[in-house]
Amino acid sequence: MEIIGSTEYIKVAGIEQVPAKIDTGADSSSIWASHIDMKEDGTLFFTLFDRKSPLYTGEPISADVYAVRVVRSSHGDEQIRYRVELPISIGGKTFTTTFTLANRSRNSFPVLIGKRTLVEGQFLVDVSKSNVKRKKIAHSAKLSKELKENPYQFHQKYLSEKGAK
């Protein structure tokens with residue numbers, strides 16, 4: 001078994017150095033897709049990522065074999081998503097796995113690797129390892145400074161009933 005961290009750089013559909021979150025609590029894997037369209041002959045077309053992403057190539061991908069799945073978010077929201085198979089390389093292994101296509105533009109990671117892919121690739125996850133180095137968000141640093149300077153004022157500004165509305 002290959003041991004991987006809670007975050008990994010992967011190769012997917014020929015695109016290298018894609019940051020992925022390894023989520024042992026997620027059932028399936030998901031990838032950021034855009035421009036999802038269906039032709040009259042039933043062929044599904046999409047691009048990986050979006051123009052806002054440095055990973056975006058604009059290259060359309062077509063799929064004749066696909067499925068749909070109802071996916072429930074951690075907030076309980078349900079979405080219908082297409083499921084496609086894509087080639088992936090992770091932790092020194094290369095294989096094909098199933099991804100749901102989703103708009104992950106607001107997520108920290110454009111790819112989420114769920115437990116079905118982990119079982120398929122026979123990976124163990126060492127959560128103490130994180131192989132993707134992320135920049136700290138400047139906004140968080142500013143908030144931490146505000147909290148340290150005056151915790152009560154911070155609470156009133158951001159977290160009290162009045163500030164939450």
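Structure shown above.
For clarity, every value in this text was computed on a predicted model and none was experimentally measured. (Residues numbered from 1 in each chain as written. Predicted model: local features only at pLDDT ≥ 70, side-chain atom pairs only at ≥ 80, totals over all residues. Heavy atoms only, no water.)

Within the protein chain, the secondary structure is distributed over four helices and eleven strands. Expressed as lengths along the three principal axes of its C-alpha atoms, the size of the protein chain is roughly 60 × 40 × 30 Å. Each of the 165 residues in the protein chain was classed as buried or not, and the buried ones make up 35%. Sequence separation of 24 or more characterises 53% of the internal contacts of the protein chain that already satisfy a separation of 6 or more. With 25 positive and 19 negative side-chain charges, the protein chain shows a spacing of 10 Å between the two charge centroids. (Helix = DSSP H or I, 4+ residues; strand = E, 2+ residues; numbered from the N terminus. Buried < 20%, exposed > 50% of the residue type's maximum accessible area, 1.4 Å probe, protein only. Contact = heavy atoms within 4.5 Å. Lys, Arg positive; Asp, Glu negative; His and termini not counted. Charge placed at Lys NZ, Arg CZ, Asp CG, Glu CD.)

A few words now on the pattern of salt bridges. Applying the stated criterion across every chain yields a total of six salt bridges. Salt-bridge contacts for Asp37 lead to Lys39; the nearest nitrogen and oxygen are separated by 3.4 Å. Here Asp37 falls in the partly exposed class, since its relative accessible area comes to 37%. Between Glu78 and Arg72 there is a salt bridge whose closest N-O contact spans 2.6 Å. (Salt bridge = Lys/Arg side-chain N within 4 Å of Asp/Glu carboxyl O.)

Quick look at unusual backbone geometry now. In this structure, His35 takes a positive phi of about 50° despite not being glycine. With respect to the helices and strands, His35 occurs in strand E4 (residues 29-38). On the basis of relative accessibility, which here comes to 43%, the residue His35 falls in the partly exposed class. Backbone geometry places Gln122, a non-glycine residue, at a positive phi of 55°.

Where E4 and strand E9 (residues 93-102) come together, four bridges link them in parallel fashion. Paired with Trp32 across the strands is Ala102, a residue of E9. Bridge analysis of E4 against strand E10 (residues 111-113) gives two bridges, and the strand direction is antiparallel. Within E10, the residue paired with Ile31 across the bridge is Val111. Turn length for the E4-strand E5 (residues 44-48) hairpin, with the two strands adjacent in sequence and antiparallel, is five residues, and the turn residue Gly42 shows positive phi of about 90°. (Pairing = 2+ DSSP bridges.)

In terms of nonpolar packing, the biggest core is built from 27 residues, with Ile10, Ile31, Phe46, Phe49, Ile90, Val111 and Ile113 touching the most fellow members. Elements with a minimum of two residues in this core: strand E2 (7-12), strand E3 (15-22), E4, E5, strand E8 (78-90), E9 and E10. Not counting chain neighbours up to four residues away, the residues in contact with Ile90 comprise Ile4, Glu8, Ile10, Ile22, Phe95, Ile113 and Phe123. (Core = buried A, V, L, I, M, F, W, Y, C linked by side-chain atoms within 4.5 Å.)

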